[in-house]
Amino acid sequence: MVSIRRLWIAGASSLLLLLPLGACAPSAPEQGAAGESGATTEQSVIPLTAGAIPDQDPEELQRLYTKLADYLEAELGVPVEYKPVTDYAAAVTAFRVGDLDLVWFGGLTGVQARLQVPGAQAIAQRDIDEQFHSVFIANTATGLKEFTDAQDLAQIKGRTLTFGSESSTSGRLMPQYFMEEAGIDIAQDFKGEVGFSGNHDTTIKLVEAGTYEVGALNEQVWRDRVSEGAVDTSKVAVIWRTPPYYDYHWVISPEVDERYGEGFAEKVQAALMALDPAVPEQKEILDLFGAERFIATSNDNYAEIEAVGRKIGKIQ
């Protein structure tokens, strides 16, 4: 007969052999507790994807949005990734299909995107975007001089003209609107076909080189490039500044609240508005945006942009 002492030793030995296996296995109760509280590992959190219309040089955009993504990641507590797109239409499409959650749009593309994603919200804009302007520039060889009356736009008839992107608010939509208000026919009043450079930086280069005599672009980009010494002002100069209008803004998808929790869109808005020029790293971001700060905005502010977009056929 086996002694009780032997049975106890055998049983204890078996338990010791099982202990390392148990120590390596995940604890089911702890996993359940984490799941109930909503806590997840960083690897399991789907990144918030941010993007922007490619309105400037790609290197400038990469520098800006990488810094902003790092800031937002620290403020929001979720991974944030910047995903560049090839053109304005691609930014709208990426937002519509869910490849981008948060996008820096121009006035027109923001309206186009929100119309395709019910529940999408305009949440923030720069301080300069509620009174934004385009400028018309001309190669100095044309002899065109600066003017203030919109009716003097008639002077650019018979010239070669380039816009920026076809879907740019400041580089096409509003300049075309003001020209039409002044009685200019885009299809007939210029030499050759009107061009589309693709972005504001390229518009400056094309007019400076004389490839086009006149161009229309974002005033903020023009001022930034002049202050950087990137423009030869002996060859190209501003001839007219448009009246003000609402332009650039951040648009966020309604899906972020479903993914990260109710009120997450408001957290993103608060983080953008909290960018502080007194903090050097944050001031650098604001400077790259050409802004003193971000302020709240709403979809209603872009009703005029939508109306103009419909008038010229950019919104159906």
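Quantities reported herein were computed from a predicted structural model and do not represent experimental measurements. (Residues numbered from 1 in each chain as written. Predicted model: local features only at pLDDT ≥ 70, side-chain atom pairs only at ≥ 80, totals over all residues. Heavy atoms only, no water.)

Draft legend 1. Structural view of helix α4 (residues 88-97). Every buried residue of α4 is listed here: Tyr88, Ala91, Val92, Ala94 and Phe95. Buried residues of α4 fall within an arc of 165 degrees about the axis and therefore sit on the same side. Those residues of α4 that are buried are in contact with β3 (102-105), α5 (107-116), α7 (200-209) and β10 (249-252). Where α4 begins, the capping side chain belongs to Asp87, and its oxygen is found 3.3 Å from the backbone nitrogen of Ala89. Where α4 terminates, the next one or two residues include Gly98, which has phi positive at roughly 90 degrees. (Buried < 20%, exposed > 50% of the residue type's maximum accessible area, 1.4 Å probe, protein only. Helix = DSSP H or I, 4+ residues; strand = E, 2+ residues; numbered from the N terminus. Arc of directions from axis to C-beta. Contact = heavy atoms within 4.5 Å. Polar contact = N/O pair within 3.5 Å; in protein donor to acceptor, adjacent residues only side chain to side chain.)

Draft legend 2. Expanded view of the sheet that holds strand β4 (residues 121-126). Ordered in space as β2-β1-β3-β10-β4-β11, the six strands form an open sheet in which the pairing is mixed. Pairing within the sheet leaves two strands with one partner each, and these edge strands are β2 (80-82) and β11 (294-296). Strand-to-strand, the axes of this sheet are offset by a mean angle of 25 degrees, without reference to chain direction. (Pairing = 2+ DSSP bridges. Axes fitted to C-alpha atoms, helices over the stretch in contact; angles between N-to-C directions.)

Draft legend 3. Region of interest: the confidence of the model for the chain. Of all residues in the chain, 86% attain a pLDDT of 70 or more, and the chain-wide mean is 88. Predicted confidence for residues 1-42 stays below pLDDT 50, and this span has five contacts to residues more than four positions away or in other chains. (pLDDT = per-residue confidence, 0-100.)

Draft legend 4. Structural view of the packing of aromatic side chains. Inspection of every chain in the model, using the stated rule, returns 19 aromatic pairs. A centroid spacing of 6.3 Å and a plane angle of 15 degrees characterise the contact between Phe147 and Trp240, whose relative ring orientation is stacked. Linking Phe147 in the loop between β5 (134-139) and β6 (161-163) with Trp240 in strand β9 (residues 236-241), this pair joins segments that are 93 residues apart in sequence. With respect to burial, Phe147 and Trp240 carry one shared label: buried. An angle of 80 degrees between the planes, with centres 6.1 Å apart, marks the rings of Phe178 and Trp240 as edge-to-face. Of the two residues, Phe178 is situated in helix α6 (residues 169-181) and Trp240 in strand β9; the sequence distance between them amounts to 62 residues. Summarising the burial analysis for this pair, Phe178 and Trp240 share the class buried. Here a set of aromatic residues connected by ring pairs shows up, and it is made of Tyr65, Tyr82, Trp104, Phe132, Tyr245, Tyr248, Trp250, Phe289 and Phe294. Sitting over the face of the ring of Tyr248, Arg126 holds its NZ or CZ atom 4.9 Å from the ring centroid. (Phe/Tyr/Trp six-rings, centres within 6.5 Å; stacked < 30°, edge-to-face > 60°. Lys NZ or Arg CZ within 6 Å of the ring centre and 35° of its normal.)

Draft legend 5. Local environment of the nonpolar core. Ranked by size, the top nonpolar core spans 80 residues in total, and within it Tyr65, Leu68, Ile156, Met179, Trp250 and Phe289 carry the most contacts. Sequence-distant contacts of Met179, that is, excluding residues within four places in its chain, are made with Phe136, Leu153, Ile156, Leu161, Phe163, Ile184, Ile186 and Phe190. Leu217, Val231, Val236 and Val238 belong to the second largest nonpolar core, which has nine residues in total. (Core = buried A, V, L, I, M, F, W, Y, C linked by side-chain atoms within 4.5 Å.)

Draft legend 6. Broad picture of the pairing of strand β8 (residues 214-218). With five of its five residues buried, β8 lies for the most part within the structure. When β5 meets β8, the two strands line up antiparallel, connected through five bridges. Note that in β8 the partner of Phe136 across the bridge is Ala216.

Draft legend 7. View of the packing of α4 against α5. Interaxial distance between α4 and α5 falls to 9 Å at its minimum, and their mutual angle equals 25 degrees. On the basis of the axis angle, α4 is roughly parallel to α5. As for the relative orientation of α4 and α5, their crossing is right-handed in sense. Judged by residue contacts, Tyr88, Val92, Phe95 and Arg96 of α4 engage Thr109, Gln112, Ala113 and Gln116 from α5. (Parallel < 35°, antiparallel > 145°, perpendicular 65-115°, else oblique. Left-handed = near helix turned anticlockwise from the far one by under 90°.)

Draft legend 8. Spatial organisation of the pattern of salt bridges. If you walk through the whole model with that rule in mind, you get 13 salt bridges. Residue Lys157 is joined to Asp189 by a salt bridge in which the shortest nitrogen-to-oxygen separation is 4.0 Å. Note that Lys157 is positioned in the loop between β5 and β6 and Asp189 in the loop between α6 and β7 (195-196), a separation of 32 residues in sequence. Owing to a relative accessible area of 38%, Lys157 belongs among the partly exposed residues under this scheme. Sharing partners across several salt bridges, the network here consists of Arg63, Lys67 and Glu284. (Salt bridge = Lys/Arg side-chain N within 4 Å of Asp/Glu carboxyl O.)

Draft legend 9. How the structure looks around the pairing of strand β1 (residues 48-52). Where burial is concerned, most of β1 is hidden: five out of the five residues are buried. By the alternation rule, side chains of β1 split into Leu48, Ala50 and Ala52 and Thr49 and Gly51, which are all buried. Pairing geometry for β1 and β2, over three bridges, is parallel. Considered in β2, the bridge of Thr49 is made with Glu81. For the segment spanning β1, helix α3 (residues 58-76) and β2, crossover handedness is right-handed. Where β1 and β3 come together, three bridges link them in parallel fashion. Across the sheet, Gly51 pairs through a bridge with Val103, a residue of β3. (Right-handed = clockwise from strand over helix to strand, strands pointing away.)

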